[in-house]
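Examining the three-dimensional arrangement
One letter stands for each residue in the lines below.
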Amino acid sequence: MSPDPQRLLEGICRRDPRAIARAITLVEDCHPAAEPLLAALDEAPLDKATTVGITGPGGAGKSTLTQQLIAHWRGQGRRIGVVAIDPSSPISGGALLGDRVRMMHHALDPQVVIRSMATRGRIGGLCAAAGAAVRIMAASGCDPVIVETVGVGQAEIDVVRLTDLTVLVLAPGLGDDIQAMKAGLVELADLLVVNKSDRPDAEALAMEMEPVARERNRRVCRTCAADGRGVPELARTIEETHCAGLENGLRERRNRCRQAEVLDWAIEILQPRLREVLLGLGEVRGDPRANARRLLESVGFQLVQDPASDSSSISKETR
Ligand SMILES: Nc1nc2c(ncn2[C@@H]2O[C@H](COP(=O)(O)OP(=O)(O)O)[C@@H](O)[C@H]2O)c(=O)[nH]1
Ligand SMILES: [Mg+2]
């Protein structure tokens, strides 16, 4: 039986965990009922929920820190949502299990909504589903909603872009990996965290990050997720950075992210249809780009050739 979107929405607003889980699954599965549900969600006032992306290399302490932030915000009586992005690789099953165990003592708390999502190599689809999960959690009264990534690949970067604010977690002793990633990631981050401040080499890393952060008008927080030191300060800095962001173009950025989400969905919706038509064509010969144009035209796109740039633009969808 097809689920009734209106009833699901009521369940979400009533904070019914089963309705929340069901709704997210519908979106992940691209179920037809997901569309009216998401449209109805758009009517709900969601802008008040702060959404926080937590990213950084594996082992930096993101999950431990997320758990500490949950505990901190729960202490203030807030309801928290967590979307944990897991890699779909079977090799990382251990890490995923570890995260589940770490979040376990919040698992029985009805005011903490946790959902894991696999990347499955589908960046667009993942972003679309993660963005929807964030909105569903926000509609169920979660504020903040945290999106935690497993590592720092492109999928994760795209996902944290969905959030209002991105926290980059680094830690000493992670080797050359983070050296290589740091530059690009710092650009993306609104806030830097040097975790494992109990380690003697943490301060050197923090000092190294300070000028980089200052140059971009970013702050560096020092935390020890293992015992919670620095967590209240981090939570406060997250809230302050969010407030500053609201005055500083956050709404425009949000809108750009919504546009990116629309594009992700368009691709997600189009891909199976295109694949189906393509398979029907049998053997493909000649220029792949020309074939791609023919494929798009065969499903109803009218492509206009732009002679100046030799690029195709879609003028109108006729179907
Ligand atoms: N010494 C120390 N270890 C930490 C700290 N935070 C996390 N860890 C440990 O670092 C490892 C990786 O932590 P985890 O939260 O799974 O990192 P993630 O991969 O970024 O999610 C675990 O063994 C944690 O117990 C910290 O502040 N100090
Ligand atoms: Mg983790």
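In this report, we go over the structure that sits alongside the text. (Residues numbered from 1 in each chain as written. Chains lettered and ligands numbered in written order. Predicted model: local features only at pLDDT ≥ 70, side-chain atom pairs only at ≥ 80, totals over all residues. Heavy atoms only, no water.)

Turning our attention to the pattern of salt bridges. Taken as a whole, this structure holds twelve salt bridges when the rule is applied. Between D201 and R199 there is a salt bridge whose closest N-O contact spans 3.0 Å. By relative accessible area, which is 33% here, R199 ends up partly exposed. Residues R285 and E283 are paired through a salt bridge, measuring 3.6 Å at the closest nitrogen-oxygen approach. Classification of R285 as exposed rests on a relative accessible area of 62%. (Salt bridge = Lys/Arg side-chain N within 4 Å of Asp/Glu carboxyl O. Buried < 20%, exposed > 50% of the residue type's maximum accessible area, 1.4 Å probe, protein only.)

Turning our attention to the packing of helix α1 (residues 5-13) against helix α2 (residues 17-28). Close contact between α1 and α2 brings their axes to 8 Å; oriented N to C, the two are set at 130°. By the angle between their axes, α1 is oblique relative to α2. Seen along the crossing, α1 lies across α2 with a hand that is left-handed. Between α1 and α2, the contacting residues are L8, G11 and I12 on the first element and A19, I20, R22, A23 and L26 on the second. Within the contact of α1 with α2, the residues separate by chemical class into six nonpolar, one polar and one charged. (Axes fitted to C-alpha atoms, helices over the stretch in contact; angles between N-to-C directions. Helix = DSSP H or I, 4+ residues; strand = E, 2+ residues; numbered from the N terminus. Parallel < 35°, antiparallel > 145°, perpendicular 65-115°, else oblique. Left-handed = near helix turned anticlockwise from the far one by under 90°. Contact = heavy atoms within 4.5 Å. Nonpolar A, V, L, I, M, F, W, Y, C, P; charged D, E, K, R; others polar.)

Helix length check: α2, at twelve residues, gives a terminal C-alpha distance of 17 Å against a target of 16 Å (1.5 Å per residue), a fit within 8%. Among all positions of α2, only A19, I20, A23, I24, L26, V27 and E28 are buried. Sitting at the amino-terminal end of α2 is D16, which places a side-chain oxygen 3.1 Å from the backbone nitrogen of R18. (Expected span 1.5 Å × (residues − 1). Polar contact = N/O pair within 3.5 Å; in protein donor to acceptor, adjacent residues only side chain to side chain.)

Our next topic: the nonpolar core. Side chains of nonpolar character tend, in soluble globular proteins, to be buried together. One finds V27, V83, M117 and I136 to be the most contacted residues of the largest nonpolar core, which totals 36 residues. Counting residues per element, this core draws most heavily on helix α6 (residues 123-139), which supplies eleven residues. Each of domain 1 (1-44) and domain 2 (45-256) contributes no fewer than three residues to this core. The next biggest cluster of nonpolar side chains, apart from the first, holds 23 residues, and it includes V52, V167, V169 and L191. (Core = buried A, V, L, I, M, F, W, Y, C linked by side-chain atoms within 4.5 Å. Domains from an automatic or database assignment.)

Attention now moves to the pairing of strand β5 (residues 165-170). The element β5 is largely enclosed, with a buried count of six among its six residues. The alternating pattern of β5 places L165, V167 and V169 and T166, L168 and L170 on opposite faces, both of which are buried. Here four bridges tie strand β1 (residues 51-55) to β5, and the two strands are oriented parallel to one another. Within β5, the position partnered with G53 by the bridge is T166. (Pairing = 2+ DSSP bridges.)

Residue placement: G58 occurs in the loop between β1 and α4 (62-75). You can call G58 partly exposed: its relative accessible area is 47%. Taking C-alpha positions, G58 is 9.3 Å from L170, a pair spaced 112 residues apart along the chain. In this structure, G58 is in contact with V150, G151 and L174, ignoring residues within four places of it in sequence.

Before going further, it helps to examine the sheet that holds strand β6 (residues 191-194). Spatial ordering of the open sheet is given by β3-β2-β4-β1-β5-β6-β7, a layout of seven strands whose pairing is parallel. The sheet is open, and its two borders are formed by β3 (112-118) and β7 (219-222), each paired with just one other strand. On average, each strand axis in the sheet is inclined to that of its neighbour by 20°, with strand direction left out of account. Where β1 lies against strand β4 (residues 145-148), four bridges are found, and the strand directions are parallel. Following the sheet pairing, I54 is matched in β4 by E148.

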